[in-house]
Amino acid sequence: MDWVPIVFITFKVLVFGTGMFFAIRWHYEQGKKGRHAERRAVLLAAGKVAVIFVLLAVGLLLATFAVGRKLGLT
């Protein structure tokens, strides 16, 4: 039973080490790519996030008013 933590910790270190290696390598390779394509992708992703946020906020507002009306608050 004393060997279980040793095996699990060793496995965890190997998995995290491998993941960190590939993450660092991927980010390094992404840095070599053109900056123009990266800027466009970031702006597009930010626009999508902003649109989704606004839609969710409007949906929450409508749901709040619907629940308030159902409870007789308005």
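Preceding this section is the structure that the text describes.
This text gives an overview of the structure that appears in the document. (Residues numbered from 1 in each chain as written. Predicted model: local features only at pLDDT ≥ 70, side-chain atom pairs only at ≥ 80, totals over all residues. Heavy atoms only, no water.)

Re the overall build of the protein chain
Right, on to step 1. Of regular secondary structure, the protein chain possesses two helices and zero strands.
Right, on to step 2. Expected size for 74 residues packed as a compact globule is a radius of gyration near 11 Å; at 24 Å, the protein chain overshoots this value by more than 25%.
Right, on to step 3. Reported as C-alpha extents along the three principal axes, the dimensions of the protein chain are approximately 65 × 50 × 5 Å.
Right, on to step 4. Of the roughly 7200 Å² of accessible surface on the protein chain, a fraction of 76% belongs to carbon and sulfur atoms. (Helix = DSSP H or I, 4+ residues; strand = E, 2+ residues; numbered from the N terminus. Rg over C-alpha atoms; globule rule 2.2 N^0.38 Å. Areas by Shrake-Rupley, 256 points an atom, 1.4 Å probe, with all protein chains shown as cover.)

So, the pattern of salt bridges
Right, on to step 1. Scanning the model with the defined rule gives one salt bridge in all.
Right, on to step 2. Salt-bridge contacts for Glu29 lead to Arg25; the nearest nitrogen and oxygen are separated by 3.7 Å. Here Glu29 pairs with Arg25, and both are found in helix α1 (residues 3-32), just four residues apart, close to one helical turn. (Salt bridge = Lys/Arg side-chain N within 4 Å of Asp/Glu carboxyl O.)

Some remarks on the environment of Thr74
Right, on to step 1. Note on placement: Thr74 falls in the segment after α2 (35-70).
Right, on to step 2. Judged by relative accessible area, which is 66%, Thr74 ranks as exposed.
Right, on to step 3. Once residues within four sequence positions are removed from consideration, Thr74 is found in contact with Gly68 and Arg69. (Buried < 20%, exposed > 50% of the residue type's maximum accessible area, 1.4 Å probe, protein only. Contact = heavy atoms within 4.5 Å.)

With respect to the packing of aromatic side chains
Right, on to step 1. According to the stated counting rule, one finds one aromatic pair in the structure shown.
Right, on to step 2. Relative to Phe22, the ring of Phe21 has its centre 5.2 Å away and its plane inclined at 70°; by these criteria the two rings are edge-to-face.
Right, on to step 3. Phe22 gets classed as partly exposed once you look at its relative accessible area, which sits at 43%. (Phe/Tyr/Trp six-rings, centres within 6.5 Å; stacked < 30°, edge-to-face > 60°.)

Things to note about a nonpolar patch on the surface
Right, on to step 1. Taken together, the side chains of Phe53, Val54, Val58 and Leu62 make up a nonpolar region of the molecular surface, amounting to roughly 410 Å² of accessible area.
Right, on to step 2. On the secondary structure map, Phe53 appears in helix α2. (Patch = residues over 30% accessible without salt bridge, like charges linked within 9 Å, V, L, I, M, F, W, Y side chains within 5 Å.)

Coordinates in, geometry out; function isn't part of it.
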